[in-house]
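Descriptive structure summary
Listed below are the residues making up each chain.
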Amino acid sequence: MGLQLEFILSKSSKRLSDLHPTVKIAAEKLIINSYKRGVPIVITQGLRTFAEQNALYAQGRFGDKKPVVTNAKAGESFHNYGVAIDFALLLPDGKNVSWDMQRDGDGDRQCDWLEVVEEAKKLGFLWGGDWINFKDSPHFEMTFGLTIKDFQSGKRPPIVKESIKEDEDNMPLPLNDYEWKMLNGIWSQRYNKGEITDWKWIDKIRCKQLNAGELAFLNAVIAAKKDCLSVEAESAGM
Ligand SMILES: [Zn+2]
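The name that an unreviewed UniProt entry assigns to the chain is M15 family metallopeptidase, with the source organism given as Paenibacillus chitinolyticus.

Here is the structure:
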């Protein structure tokens, strides 16, 4: 048994708390979706204050011997506006992290790093690894089409209110036409036999709107009736 999701989320919670609300939700989803693919990650950088940015800019400059890590001064990085994150792979000990882009910790023959990149792009993040000049592989940003200049002049992305709990359960089932037809056949027969009594379910299937939660509910009703449990009309209370 690997690391628990709650533990993994807690490792990043401090770094997430000051992000732009919309980006925060996306970053949490990224941690969750990466976890579901067997790749625990930790967010190593979220919001970076102007002072922190200037300190970082000074690294490798003005006589400092360390390598240069950024070309951005205060206000010139998307991190300064809470719309960028950096990540690293969280190792099985739950403490150490890795920036090894070849690592395949879950043994699925896909580099963990690129699995995370794939999930991030699905959520609408841009990846620093795609940049031509200054490749920044741990970096994602969600800028909503705004430039640094826009941010500097006070523009901000919209706040999207959305729970991270919202998931596939509330989306119509991802079926093709043939599968919807099959589902319609099965549940129409059950309706005709009186195993379910509310036509709205058939309607939903025919409109391709039935979701996973509803299908699970209908299956539970059928299972209960097979067990000869007394079941009220299944539309009650829905
Ligand atoms: Zn970054």
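Picking up after the structure, the text goes on.
**Regarding the overall build of the chain**
In terms of helices and strands, the chain carries eight helices and five strands. Ordering the α and β elements of the chain from the N terminus gives α-α-β-α-β-β-α-β-β-α-α-α-α. Taken over C-alpha atoms, the radius of gyration comes to 24 Å for the chain, far larger than the 18 Å a tight globule of 238 residues would show. With respect to the principal axes defined by its C-alpha atoms, the chain has extents near 85 × 45 × 30 Å. Taking contacts inside the chain between residues at least 6 apart in sequence as the whole, the part at least 24 apart equals 59%.

**Here we look at the packing of helix 2 (residues 21-36) against helix 4 (residues 112-122)**
In contact at an axis separation of 9 Å, helix 2 and helix 4 are set at 135° when each is read in the N-to-C sense. When the axes of helix 2 and helix 4 are compared, the pair comes out oblique. Where helix 2 crosses over helix 4, the handedness of that crossing is right-handed. Every residue of helix 4 that contacts helix 2 at Leu 30, Asn 33 and Ser 34 is listed here: Glu 115, Val 116, Glu 119 and Ala 120.

**Looking at the packing of helix 1 (residues 5-16) against helix 2**
Where helix 1 contacts helix 2, the axes come no closer than 11 Å and their chain directions differ by 155°. By the angle between their axes, helix 1 is roughly antiparallel relative to helix 2. The handedness of the crossing between helix 1 and helix 2 comes out as right-handed. Along its contact with helix 1, which presents Leu 5, Ile 8, Leu 9, Ser 12 and Leu 16, the element helix 2 presents Lys 24, Ala 27, Glu 28, Ile 31, Ile 32 and Tyr 35. Each residue belonging to the contact of helix 1 with helix 2 can be placed in one class, and the counts come to eight nonpolar, one polar and two charged.

**Some thoughts on unusual backbone geometry**
Unlike most non-glycine residues, Arg 109 shows phi in positive territory, near 65°. Along the chain, Arg 109 falls in the loop between strand 3 (97-98) and helix 4. The residue Lys 208 is not glycine, and still its phi comes out positive at about 60°. Position of Lys 208 relative to the elements: it lies in the loop between helix 7 (199-206) and helix 8 (212-226).

**Considering the nonpolar core**
In terms of nonpolar packing, the biggest core is built from 28 residues, with Ala 26, Ala 27, Ile 41 and Val 116 touching the most fellow members. Contributing elements (two or more residues each) for this core: helix 2, strand 1 (41-45), strand 2 (84-90) and helix 4. Among the elements that make up this core, the one with the highest residue count is helix 2 (six residues). The residues contacting Ala 27, other than those within four sequence positions of it, are Leu 16, Leu 19, Ile 43 and Ile 85. By size, the runner-up hydrophobic cluster in this structure holds seven residues, among which are Trp 187, Ile 196, Trp 201 and Leu 210.

**So, the environment of Asp 64**
Residue placement: Asp 64 occurs in the loop between helix 3 (50-58) and strand 2. Taking the number of C-beta atoms within 10 Å as the measure of exposure, Asp 64 has 10 and is therefore exposed. Setting aside anything within four residues of it in sequence, one finds Asp 64 in contact with Ala 58 and Gln 59.

**So, the environment of Pro 172**
By the secondary structure assignment, Pro 172 is in the loop between helix 5 (148-152) and helix 6 (177-192). C-alpha of Pro 172 to C-alpha of Cys 207: the two residues are 35 residues apart in sequence and 9.8 Å apart in space. Ignoring anything within four residues of it in the chain, the contact list for Pro 172 reads Lys 208, Gln 209, Leu 210 and Asn 211.

**Brief notes about the pairing of strand 2**
Among the seven residues that make up strand 2, six are buried, leaving the element largely enclosed by the rest of the structure. Bridging between strand 1 and strand 2 involves four bridges; their strand directions are antiparallel. Within the sheet, the bridge partner assigned to Ile 43 lies in strand 2 and is Phe 87. Of the pairings in the sheet, the one linking strand 2 to strand 3 comprises two bridges and is antiparallel in character.

Conventions adopted
Residues numbered from 1 in each chain as written. Predicted model: local features only at pLDDT ≥ 70, side-chain atom pairs only at ≥ 80, totals over all residues. Helix = DSSP H or I, 4+ residues; strand = E, 2+ residues; numbered from the N terminus. Rg over C-alpha atoms; globule rule 2.2 N^0.38 Å. Contact = placed C-beta atoms within 7 Å. Axes fitted to C-alpha atoms, helices over the stretch in contact; angles between N-to-C directions. Parallel < 35°, antiparallel > 145°, perpendicular 65-115°, else oblique. Left-handed = near helix turned anticlockwise from the far one by under 90°. Nonpolar A, V, L, I, M, F, W, Y, C, P; charged D, E, K, R; others polar. Core = buried A, V, L, I, M, F, W, Y, C linked by C-beta atoms within 7 Å. Buried ≥ 20, exposed ≤ 12 C-beta atoms within 10 Å, placed from the backbone. Pairing = 2+ DSSP bridges.

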